[in-house]
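Residues per chain, in single letters:
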Amino acid sequence: MRSERVRSGDFTLDVAVAGREDLPTVLFVNAVGMENRLLEGLAGQFLRSGMNLVTWELRGSPGPSPARQVSLEEHTEDALAVVDALGLTRVHVAGWCTGASIALFVAHALGERALSFTSIDGALLFDGVPGAPVGNAVVFWPSMRTGLTELTSATG
């Protein structure tokens, strides 16, 4: 995976990109606290399935991010900054664990630019937050392994 630096407001995000321009892209929202390097193996699986993988270290993760409370709105703005900075027109949006909650809001914010939304072992905890309707496919898988296998074979 190659590394990119993307500005989102006054913050710089560490972004990881694996793939080629001619392949469809999965914008993968990792769990809070997970580093990009932990997805290197998954990036290979995505590429073998004919898909790009784009992810970034969420604010609040180890590394350059200051430890503080980060809102869903800030995480969503970061995702949109990544998509725009990389010139991605349409993406499949996926997230696992705490990243699934963020991914749902990202898919909603992207609107028609979101080809699909996938929650893998999602920690969807929206106490008092209205649901975000997504007009595309919504798929929930109980495990990361099953979810990634299905995602790479179904959307490729």
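Everything below is about the structure shown above.
The following paragraphs examine the structure supplied in this document. All of these numbers come straight from a predicted model, not from anything done at the bench. (Residues numbered from 1 in each chain as written. Predicted model: local features only at pLDDT ≥ 70, side-chain atom pairs only at ≥ 80, totals over all residues. Heavy atoms only, no water.)

## As for the overall build of the protein
- Looking only at helices and strands, the protein has four helices and seven strands in total.
- Going from N to C terminus, the protein has its helices and strands arranged as β-β-β-α-β-α-β-α-β-β-α.
- Buried positions account for 47% of the 156 residues belonging to the protein.
- By sequence separation, contacts in the protein at least 24 residues apart represent 64% of the contacts at least 6 residues apart.
- Total accessible area on the protein is roughly 7600 Å²; 52% of this is exposed by carbon and sulfur atoms. (Helix = DSSP H or I, 4+ residues; strand = E, 2+ residues; numbered from the N terminus. Buried < 20%, exposed > 50% of the residue type's maximum accessible area, 1.4 Å probe, protein only. Contact = heavy atoms within 4.5 Å. Areas by Shrake-Rupley, 256 points an atom, 1.4 Å probe, with all protein chains shown as cover.)

## Describing the pattern of salt bridges
- On inspection of all chains with the given rule, the structure shows seven salt bridges.
- Between R2 and E4 there is a salt bridge, and its shortest N-O distance comes to 2.9 Å.
- R113 is the salt-bridge partner of D84, the closest N and O atoms lying 3.1 Å from each other. Highlighted residues: D84 in helix α2 (residues 72-85) and R113 in the loop between α3 (98-110) and β6 (114-120), separated in sequence by 29 residues.
- Overall, the relative accessible area of 29% leaves R113 in the partly exposed class.
- Connected through salt bridges with shared partners, the residues R59, E74 and D78 form a single ionic network. (Salt bridge = Lys/Arg side-chain N within 4 Å of Asp/Glu carboxyl O.)

## Section: unusual backbone geometry
- Residues other than glycine seldom take positive phi values, yet C97 does so here, at roughly 55 degrees.
- Mapped onto the fold, C97 is located in the loop between β5 (91-96) and α3.

## Examining the environment of F11
- Tracing the backbone through its elements, the reader meets F11 in strand β2 (residues 11-18).
- Here F11 falls in the buried class, since its relative accessible area comes to 12%.
- Between the C-alpha atom of F11 and that of R59, which follows or precedes it by 48 residues, the distance is 8.9 Å.

## Considerations on α3
- For α3, built from 13 residues, the straight-helix expectation of 18 Å at 1.5 Å per residue is met to within 8% by its first-to-last C-alpha distance of 19 Å.
- For α3, the tally of buried residues reaches ten of 13 residues, placing the bulk of the element in the interior.
- Among all positions of α3, only G99, A100, S101, I102, A103, L104, F105, V106, A107 and L110 are buried.
- Considering only its buried residues, α3 is in contact with β3 (25-29), α2, β5 and β6. (Expected span 1.5 Å × (residues − 1).)

## Focus on the nonpolar core
- Residues V15, L27, W56, V82 and V93 are the most contacted members of the largest nonpolar core, which totals 25 residues.
- Sorting the residues of this core by element identifies β2, β3, β4 (52-56), α2, β5, α3 and β6 as the ones contributing at least two each.
- Top contributing element to this core by residue count: α3, with six residues.
- Filtering out sequence-adjacent residues up to four positions away, L27 remains in contact with V54, W56, A79, V82, V83, V91, H92, V93, A94 and V106.
- Core analysis: the second largest hydrophobic core is formed by 13 residues, F46, L53, W96 and I120 among them. (Core = buried A, V, L, I, M, F, W, Y, C linked by side-chain atoms within 4.5 Å.)

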